[in-house]
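Structural overview
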Amino acid sequence: ASGGYPGSYETGHIIAGLNEIDGTDVKVFHAGTRKDNHNVVTAGGRVLCVVARAPTVLAAQRRAYAAVERIDWDGAFYRTDIGYRAIQRQQSDQ
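Below is a short write-up of the structure. (Residues numbered from 1 in each chain as written. Predicted model: local features only at pLDDT ≥ 70, side-chain atom pairs only at ≥ 80, totals over all residues. Heavy atoms only, no water.)

1. So, unusual backbone geometry
Going by this rule: Helix and strand definitions here come from DSSP, where helices need a minimum of 4 consecutive H or I residues and strands a minimum of 2 consecutive E residues; each element is numbered from the N-terminal end. Relative accessibility decides the category of a residue: with a 1.4 Å probe and only protein chains considered, values under 20% of the type maximum give buried, values over 50% give exposed, and everything between is partly exposed.
With an omega of 15°, the peptide bond running from Tyr5 to Pro6 counts as cis. With respect to the secondary-structure elements, Pro6 resides in the segment before β1 (26–30). In this model, Asn37 sits at a positive phi of 60°, which is unusual for a non-glycine residue. Tracing the backbone shows Asn37 in the loop between β2 (33–36) and β3 (39–42). Exposure remark for Asn37: the relative accessible area of 68% places this residue in the exposed category.

2. Quick notes on the packing of aromatic side chains
To describe a pair of aromatic rings, one takes the distance between the centres and the angle between the planes. So the rule is basically this: Geometry of aromatic contacts follows a simple scheme: Phe, Tyr and Trp rings, the Trp one being its six-membered ring, pair when their centres are within 6.5 Å, and the pair is stacked under 30 degrees between planes, edge-to-face over 60, tilted otherwise.
Counted according to the given criterion, the structure contains 2 aromatic pairs. When the ring of Tyr5 is compared with that of Tyr9, the centres are 6.3 Å apart and the planes differ by 55°; the resulting orientation is tilted. What makes Tyr9 partly exposed here is its relative accessible area of 34%. A ring pair is formed by Tyr65 and Tyr78, whose centres lie 6.0 Å apart and whose planes are at 35°; its orientation type is tilted. One end of the pair, Tyr65, is in helix α1 (residues 57–68); the other, Tyr78, is in the loop between α1 and α2 (84–93), with 13 residues separating them in the sequence. Residue classification places Tyr65 among the buried residues on the basis of a relative accessible area of 16%.

3. Some words on α1
In plain terms, the rule: What a helix is expected to span follows from its residue count: subtract one and scale by 1.5 Å. The reported arc concerns the directions from the helix axis to the C-beta atoms and nothing else. Throughout, a contact is declared for two residues whenever any of their heavy atoms are within 4.5 Å.
Relative to the 16 Å expected for 12 residues at 1.5 Å per residue, α1 spans 16 Å between its end C-alpha atoms, a close match to the ideal helical length. Looking at α1, one finds that the buried residues are Ala60, Gln61, Ala64, Tyr65, Ala67 and Val68. Along the long axis of α1, the arc covered by the buried residues comes to 155°, so they all point the same way. Looking at the packing, one finds that the buried side of α1 touches β1, β4 (48–52) and α2.

Here it is in structure tokens:
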């Protein structure tokens, strides 16, 4: 998400690291982005959604967060609590 979201936030920040994401098991969905010449830049508060596939929810979460850490722009931030309920359910089912 953009710094300041859900309140006011700036747009037009160049997003770095998108080319470093392996698209096999990790996908990046664009929400608040736009093209500016040869750059992808921020254009909203919720900018990207990064998801991953893996044999377990915990492994998928780790892959997704590893990808998130490769992506950056001025003021970027992300939640660090996504998936914990699903991980707990999966671990209690085993």
